[in-house]
Amino acid sequence: MRPPRTELNLTEWIVLALASEAPTHGWTVVRALRRASPLGEVWSSSGPLVYRAVSRLQDADLLHSVGIAEGHGANRVMLEATPAGLEQVREWLLEPVDHVRDVRTVLLVKLLLLERRGMDRTLLVQRQRERLRPVATALAERAAAATDPDRVVAEWRALSAEAVMRFLDAVDPVRVP
């Protein structure tokens, strides 16, 4: 039997982040992660995956129910991040990603969640720039030295890292020497 997973996946982080903004219910989160929504354009998720995330977050004591919202249709359980959940989300939102490939999903989600909260993204972008600068440099050096057949992949990776660095400069032009 495999041990229980302790790391949160991206859907779980997003559910926790949305519940940490204000009490909410699962259906509101499901709508926030539809493909046509701002968050859903970066990371979409289905209703069953959102409700699975809610259950897992509750089991981990990061999310708890705070009552029932009555209204049109079925009554909905209101959810709120616990103090531990609030702390973990605050830390996660400002933690840069380790890989260039995660910028398209995880970093963009974090930038959107910070924007939703009215929080400044400068610290996250600066940390991200610092984390990926050596990676981009190493990938550029590797591409310059590569020969066929490795050259195609090396060029792709170097140019992708360069594009990410340009993106970071565009969203926050403050440069760290």
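All of the points below concern the structure found in this document. (Residues numbered from 1 in each chain as written. Predicted model: local features only at pLDDT ≥ 70, side-chain atom pairs only at ≥ 80, totals over all residues. Heavy atoms only, no water.)

1. Quick notes on the overall build of the chain
Inclusion rule: For helices the rule is a DSSP run of H or I covering at least 4 residues; for strands it is a run of E covering at least 2, with both sets numbered from the N terminus onward. For every residue, the accessible area (1.4 Å probe, protein chains only) is compared with the maximum for its type, and the residue is labelled buried under 20%, exposed over 50%, or partly exposed between those bounds. Residues count as neighbours in contact if any of their non-hydrogen atoms are within 4.5 Å of one another.
Regarding its fold elements, the chain presents 7 helices and 2 strands. N-terminal to C-terminal, the α/β element order of the chain is α-α-α-β-β-α-α-α-α. Counting only C-alpha atoms and orienting by the principal axes, one finds that the chain spans roughly 65 × 45 × 30 Å. Buried positions account for 41% of the 177 residues belonging to the chain. Of the contacts formed within the chain by residues at least 6 apart in sequence, a portion of 58% connects residues at least 24 apart.

2. Considering the packing of aromatic side chains
Put simply, the test is: Aromatic contacts are taken between Phe, Tyr and Trp rings whose centres are within 6.5 Å, Trp giving its six-membered ring; a plane angle under 30 degrees counts as stacked, one over 60 as edge-to-face, and the others as tilted.
Inspection of every chain in the model, using the stated rule, returns 1 aromatic pair. Geometrically, the ring pair formed by Trp 13 and Trp 92 is stacked, given 4.9 Å between the ring centres and 0° between the ring planes. Placement of the pair is Trp 13 in helix α1 (residues 10–21) and Trp 92 in helix α4 (residues 83–93), with a sequence separation of 79 residues. What makes Trp 13 buried here is its relative accessible area of 13%.

3. Some remarks on the nonpolar core
Rules: Only buried residues count toward a nonpolar core, which is a set of Ala, Val, Leu, Ile, Met, Phe, Trp, Tyr and Cys residues joined through side-chain atoms within 4.5 Å.
Core analysis: the largest hydrophobic core is formed by 50 residues, its most contacted members being Val 15, Leu 16, Leu 63, Trp 92, Val 109 and Leu 113. Breaking this core down by element, the ones donating at least two residues are α1, α2 (26–32), α3 (47–59), β2 (76–81), α4, α5 (103–117), α6 (122–145) and α7 (151–171). In this structure Leu 63 touches Val 15, Leu 16, Ala 19, Val 54, Leu 57, Gln 58, Leu 79, Glu 80, Ala 81 and Thr 82, once residues within four positions along its chain are discounted.

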